[in-house]
Amino acid sequence: MWQTRDGVYGAPAPDYPDGIRIRYYDEGTGTFRFMRRRAELEHYIGSLEAHLIARGLADRVRIMADEPADPELFAKRLEALRRAAPSFRYKIAVNRPEFLEEKLVGMSDYVPKLNCALNGFGHVRRLQAEIPGRMLYYVCNNPRRPNTFIGSPALESRILPWLAARLKLDGFLRWNYTVWPDRPLESIRYRPSHWPAGETNFVYPGTGGKPMLSLRYKWSLRGIRDYELMGQLRAKGMEEQVERLLGGVFRFREEEMEAISLDVPAEKLYSLEPEDYDRLFRPLEEMEGGGNHP
């Protein structure tokens, strides 16, 4: 769990190697309290594992690690969890290339940040062939492009799944579905010096508890549909046609991945013309006749 030097996020159980915060209701005092002993945490974690196994859900559950910074400390924390719940499987969001080089026991899924996935593309490709789960990528408050900020070109929300297809990854992870500031319909800003507008949510609170969809959300759904269709075409033996289509959208070849800079103008990385993406739905004969942009 996140811990900060200013003490805002602390570690309630000082004898446990991670800052896990598990809250429970204390009927005796009528208040919520945190578990503060290692034995309590381990009992809770073991009980949760047993419950998931009994419900037949254990294989579907992932314990998520978010951008760990210290490989040695992370290994220590992972071992503590594995002792308490041996069957748990793990998923790690990686923003440091060294974690792509580590052989992490029990790790099922890896999600490198886009910069990390590109600059460590060789490690990503080798690891993808070895792990039992999925290899995805993610963006957050950076990089600036491609992204889903309110100030981003709307098409970039559609491009993100295409980029997963270009990198031959299993998908894309986005964390910010409903992380709203206090009054999201009046102002979407939250710590604007750090979080660009739109970073913290994809939808807005609607009436009756239903989400009010954003255009960025709808563009993302279109990109997901595109990604699924490309997978279907590949399954039908049309790999060459899909690669030709992707080559007409992105401005870099596979051998250039590790040297890519995301600080250049978007036009140097990918097309911003919607019709280049809509070509996916034209007759196959027309798609076969397409080629790379000059």
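Residues numbered from 1 in each chain as written. Predicted model: local features only at pLDDT ≥ 70, side-chain atom pairs only at ≥ 80, totals over all residues. Heavy atoms only, no water.

So, the pattern of salt bridges
Under the criterion given, the structure shown has 17 salt bridges. Asp 226 is the partner of Arg 158 in a salt bridge, and the nearest nitrogen-oxygen pair spans 2.7 Å. Within this pair, whereas Arg 158 is found in helix α6 (residues 155-166), its partner Asp 226 is found in helix α7 (residues 215-235), the two being separated by 68 residues in sequence. In terms of burial, Arg 158 and Asp 226 fall into one category: buried. Between Arg 225 and Asp 226 there is a salt bridge whose closest N-O contact spans 3.7 Å. Given the relative accessible area of 41%, Arg 225 is considered partly exposed. Connected through shared salt-bridge partners, Arg 158, Arg 225, Asp 226 and Asp 278 make up one network. (Salt bridge = Lys/Arg side-chain N within 4 Å of Asp/Glu carboxyl O. Helix = DSSP H or I, 4+ residues; strand = E, 2+ residues; numbered from the N terminus. Buried < 20%, exposed > 50% of the residue type's maximum accessible area, 1.4 Å probe, protein only.)

Structural notes on α6
The terminal C-alpha atoms of α6 lie 16 Å apart, and with 12 residues this matches the ideal 16 Å at 1.5 Å per residue to within 8%. With 12 of 12 residues buried, α6 lies mostly within the body of the structure. Where α6 is concerned, the buried positions are Leu 155, Glu 156, Ser 157, Arg 158, Ile 159, Leu 160, Pro 161, Trp 162, Leu 163, Ala 164, Ala 165 and Arg 166. On the buried face of α6, the contacting elements are α4 (114-119), β6 (136-138), β7 (171-173), α7, α8 (239-247) and α9 (274-278). Just downstream of α6, Lys 168 is the residue with a positive phi angle, here 60 degrees. (Expected span 1.5 Å × (residues − 1). Contact = heavy atoms within 4.5 Å.)

Some points on the side chain of Ser 108
Looking at the secondary structure, you find Ser 108 in strand β5 (residues 107-112). Classification of Ser 108 by relative accessible area gives buried; the value is 1%. A distance of 3.3 Å separates a polar atom in the side chain of Ser 108 from a polar atom in the side chain of Arg 89. With residues near it in sequence (within four places) discarded, Ser 108 still touches Arg 62, Arg 89, Tyr 90, Ile 131, Pro 132, Gly 133 and Arg 134. (Polar contact = N/O pair within 3.5 Å; in protein donor to acceptor, adjacent residues only side chain to side chain.)

Things to note about the pairing of strand β1 (residues 23-26)
Bridge analysis of β1 against strand β2 (residues 31-34) gives four bridges, and the strand direction is antiparallel. Counted as the bridge partner of Asp 26 is Thr 31 from β2. What sits between the antiparallel neighbours β1 and β2 is a turn of four residues, in which Gly 30 has the positive phi angle 70 degrees. (Pairing = 2+ DSSP bridges.)

Some points on the state of the cysteines
Counted under the stated rule, the structure contains zero disulfides. A disulfide-free cysteine, Cys 116 has its sulfur positioned 12 Å from the sulfur of Cys 140, the nearest such atom. Judged by its relative accessible area of 8%, Cys 140 falls in the buried class. (Disulfide = S-S within 2.5 Å.)

Structural notes on the sheet that holds β5
Taking strand neighbours across the sheet as the criterion, the three strands line up as β3-β4-β5 in an open arrangement whose pairing is parallel. Each having just a single partner strand, β3 (63-66) and β5 make up the two edges of the open sheet. Direction aside, neighbouring strands of the sheet carry axes that sit 20 degrees apart on average. (Axes fitted to C-alpha atoms, helices over the stretch in contact; angles between N-to-C directions.)

Some thoughts on the packing of aromatic side chains
In this structure the tally under the stated criterion is eight aromatic pairs. Centre to centre, the rings of Phe 74 and Phe 99 are 5.8 Å apart; their planes meet at 80 degrees, and the pair counts as edge-to-face. On the criterion of sequence distance, the pair formed by Phe 74 in helix α2 (residues 71-84) and Phe 99 in helix α3 (residues 98-101) is long-range, its members being 25 residues apart. According to the relative accessible area criterion, Phe 74 is buried, its value standing at 10%. Given a relative accessible area of 1%, Phe 99 falls into the buried group. Ring plane angle 85 degrees and centroid distance 6.5 Å describe the contact between Phe 202 and Tyr 217, whose orientation is recorded as edge-to-face. (Phe/Tyr/Trp six-rings, centres within 6.5 Å; stacked < 30°, edge-to-face > 60°.)

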